[in-house]
Amino acid sequence: MLQISSALPAQNLNLFQAGRHSFKCKQSSPLIRCSSSSLLTSQSEKPVSYELNKQHLANLEKLRPKQSLEPNQADSLPVGPVPKVSGNGSWVNRGRALLEGLNVPRVWPERKAAEEMSPRHMNRLQRLLSKTPEYSPRNNLGSRWREYQGCNDWLGLLDPLDENLRRELVRYGEFVQAAYHSFHSNTALSAEEPPLPHIVALPDRSYKVTKSLYATSSVGLPKWVDDFAPDLSWMTQRSSWMGYVAVCDDRREIQRMGRRDIVIALRGTSTCLEWAENMRAQLVEYPQDCCDKETEPDQGQSKVECGFLSLYKTRGAHVPSLAESVEEEVKRLVELYKGEPLSITVTGHSLGAALAILVGDELSTCSPSMPPIAVFSFGGPRVGNSGFANQINHNNNVKVLRIVNNQDVITRVPGLPMVEGFDDNITPLAYTHVGTELRVDSKMSPYLKPNADVACCHDLEAYLHLVDGYLASNCPFRANAKRSLVKLVNEQRSNVKQLYTNKAKALSLNLEGQGLANSCCLPSPS
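Residues numbered from 1 in each chain as written. Predicted model: local features only at pLDDT ≥ 70, side-chain atom pairs only at ≥ 80, totals over all residues. Heavy atoms only, no water.

(A) Focus on the pattern of salt bridges. What the rule picks out here adds up to 20 salt bridges. With its nearest N and O atoms 3.2 Å apart, the salt bridge here joins Glu 147 to Arg 144. When the shortest N-O distance is used, the salt bridge between Arg 171 and Asp 204 registers 3.4 Å. Of the two residues, Arg 171 sits in helix α10 (residues 163–185) while Asp 204 sits in the loop between α10 and β1 (207–216), which places them 33 residues apart along the sequence. Of the two residues, Arg 171 and Asp 204, neither departs from the other in class, the shared state being buried. Through salt bridges with shared partners, a single ionic network connects Glu 168, Arg 171, Asp 204, Glu 253 and Arg 256. (Salt bridge = Lys/Arg side-chain N within 4 Å of Asp/Glu carboxyl O. Helix = DSSP H or I, 4+ residues; strand = E, 2+ residues; numbered from the N terminus. Buried < 20%, exposed > 50% of the residue type's maximum accessible area, 1.4 Å probe, protein only.)

Next up, the structure:
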């Protein structure tokens, strides 16, 4: 009998001795043919008979990798002939020699590599690279909808990220993607006549568009620019289609959400004049036009970036300002659906995220009966000074949730990080972020390269990919993420790890055919 008791603690010895008598050898495997008597032989007897040992070695020999490999494979695989074993060698040495010849690490690789190349993982990757989108389940929000709109500043919902909030964030991000797609499908805007209705393909069919929104720059470029490049006149036009207002009109979706939702979606920077406005980083006084609300003494004077305010307040030749359009349409919808539970959700990316904060703040002061307002900002820059931040943070009718990629430099401008929160009388670039923050990190994605470029880190599809995969701060990416990788691979292929692009090729997926034609958005201009 094998000597085992010396390796066991004294308190566990009785348990082992009592349990080992019930052990019986099952039917022998084709690799190791032995009997229970040979396993439980005494120390005076031979461990294994010669015939059984010979059969065992013969079975292992059949499993040993053959040497008829391709030349390039033979160089990369450290598989050699089975070491010779002398006739009088022990059975232990013989078994060890054959196991080394089998090259077990090749048959059973380390766990991480095995998981990546496992059929289960490959099937999951093929699903994520399929055309058919798969979403996290839409649960009934019911009476908790105010929590998801931020009535408690999303306390207890962000770390770990609540599954219902994750799905809602991705859904509202797709509204912004629809704004990008609609703008790039029809960029031109006549300077001589009012604009025609803009067609928007919404990702959620339970909503309908009720109003197009336009933003106008207060600066212009010389006329010779249009004469030099007439085909790019949309890049230099002062007024551009910026987004839309939509309202949920599906009874089943209204019941699921617990209220009727009004969405305001705003795209990011796309034209030269919008870029020019972004560069006007000086702080200017923020007027309160909707009401006579006075700034509290401890909050300080409210100031915002000059360029953002210009795009928000400037009227066009044939279009009203963004502020006027939003206020007029929201008031109309609130009056139309009076008596129903209502919510207003403002969502935007990049420049649209900055404008969304201005929209949310102004709407909250326009009427005492205004429904609760939530702002979901994706990759948004700083908007104003500490006085503006205090004004929003003390406003109970508007709540701001900023989704920030830790590698996105746009979220750290304008202003200087070392003076954030300072009095703007001391420094003119004392900007301060507002609201609550949900921080994700593109380095935590198993699909993106750790050194992904600036454009990828600011891209809206990359943001939605990170939000869909985010689980908690100590577990940044969940294994069961649902969002398809098709858009991400097409828009950021150079930033996707080569391991997965190679696997996509191995899966024979026609990614080129699944590009923008089948995508609900174009690449966001970063």
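So that's the structure; there's more coming.
(B) Structural detail: helix α17 (residues 351–364). Counted at 1.5 Å a residue, the expected span for α17 with its 14 residues is 20 Å, and the 20 Å between its end C-alpha atoms agrees. Most of α17 is tucked away, with 14 of its 14 residues classed as buried. (Expected span 1.5 Å × (residues − 1).)

(C) Summary view of the sheet that holds strand β3 (residues 260–266). In spatial order, the strands read β1-β2-β3-β6-β7-β8-β9; together these seven strands make up an open sheet with mixed pairing. On the outer flanks of this sheet lie β1 and β9 (436–440), each paired with one strand and no other. Taking the axes of each pair of neighbouring strands and ignoring which way they run, one obtains an average angle of 20° across the sheet. One ladder, built from five bridges, connects strand β2 (residues 239–248) with β3; its direction is antiparallel. Bridge pairing in β3 places Val 245 opposite Ile 264. Packing of α17 onto the sheet brings it into contact with β2, β3, β6 (342–349), β7 (373–378) and β8 (398–405), and relative to β6 it is tilted by some 155°. (Pairing = 2+ DSSP bridges. Axes fitted to C-alpha atoms, helices over the stretch in contact; angles between N-to-C directions. Contact = heavy atoms within 4.5 Å.)

(D) Representation of the packing of aromatic side chains within the structure. Across all of its chains, the model carries seven aromatic pairs by this definition. With 5.0 Å between their ring centres and 70° between their planes, Phe 175 and Tyr 207 make a pair best called edge-to-face. A residue pair is termed long-range when its members are at least 10 positions apart, and Phe 175 in helix α10 and Tyr 207 in strand β1 qualify at 32 residues. Phe 175 gets classed as buried once you look at its relative accessible area, which sits at 0%. Residue class for Tyr 207 comes out buried when judged on its relative accessible area of 4%. The side chain of Arg 171 reaches across the aromatic face of Tyr 172, ending 4.8 Å from its centre. Between the NZ or CZ atom of Arg 267 and the centre of the ring of Phe 183, over which it lies, the distance is 3.9 Å. (Phe/Tyr/Trp six-rings, centres within 6.5 Å; stacked < 30°, edge-to-face > 60°. Lys NZ or Arg CZ within 6 Å of the ring centre and 35° of its normal.)

(E) Quick look at the environment of Ser 494. Mapped onto the elements, Ser 494 comes out in the loop between α21 (486–491) and α22 (498–506). Among the residues examined, Ser 494 registers a relative accessible area of 53% and is labelled exposed. Between the alpha carbons of Ser 494 and Lys 449 there is a distance of 8.8 Å; along the sequence they are 45 residues apart.

(F) Structural view of the state of the cysteines. In this structure the tally under the stated criterion is zero disulfides. A disulfide-free cysteine, Cys 456 has its sulfur positioned 5.5 Å from the sulfur of Cys 457, the nearest such atom. (Disulfide = S-S within 2.5 Å.)

(G) Region of interest: the packing of α10 against helix α20 (residues 460–469). Where α10 meets α20, the closest approach of the two axes is 10 Å, and the angle between their N-to-C directions is 170°. As the angle between them shows, α10 and α20 are arranged roughly antiparallel. Contact with α10, carried on its side by Arg 166, Leu 169, Val 170, Gly 173, Glu 174, Val 176, Gln 177 and Tyr 180, involves Leu 460, Glu 461, Leu 464, Val 467 and Asp 468 of α20 and no other residues of that element. Here the contact of α10 with α20 is composed, by residue class, of seven nonpolar, two polar and four charged. (Parallel < 35°, antiparallel > 145°, perpendicular 65-115°, else oblique. Nonpolar A, V, L, I, M, F, W, Y, C, P; charged D, E, K, R; others polar.)

(H) Quick peek at the nonpolar core. Of all hydrophobic cores here, the largest spans 57 residues; its most connected members are Tyr 207 and Tyr 244. Sort the elements by how many residues they give to this core and α10 lands first, with ten residues. If sequence neighbours within four positions are ignored, Tyr 244 has contacts with Phe 175, Ala 178, Ala 179, Val 200, Leu 202, Val 209, Lys 211, Ser 212, Leu 213, Val 263, Ile 264 and Ala 265. Counting 43 residues, the second largest nonpolar core, distinct from the first, contains Tyr 286, Leu 351, Leu 355 and Leu 363. (Core = buried A, V, L, I, M, F, W, Y, C linked by side-chain atoms within 4.5 Å.)

(I) Examining unusual backbone geometry more closely. Residue Asp 159 is joined to Pro 160 through a cis peptide bond whose omega torsion reads 5°. Mapped onto the elements, Pro 160 comes out in the loop between α9 (145–148) and α10. Note the cis peptide between Val 413 and Pro 414, where omega equals -10°. Looking at the secondary structure, you find Pro 414 in the loop between β8 and β9. One non-glycine residue, Trp 154, lies in the positive phi region at around 55°. Turning to its location among the elements, Trp 154 is positioned in the loop between α9 and α10. One non-glycine residue, Ser 350, lies in the positive phi region at around 60°. Here Ser 350 lies in the loop between β6 and α17. By relative accessible area, Ser 350 is classed as buried at 9%.

(J) Up close: α10. Given a rise of 1.5 Å per residue, 23 residues ought to cover 33 Å, and the 33 Å separating the end C-alpha atoms of α10 matches this to within 8%. Counting buried residues in α10 gives 19 out of 23 residues, a clear majority hidden from the surface. Measuring from the side-chain oxygen of the N-cap residue of α10 to the backbone nitrogen of Asn 164 gives 2.9 Å; that N-cap residue is Asp 162. (Polar contact = N/O pair within 3.5 Å; in protein donor to acceptor, adjacent residues only side chain to side chain.)

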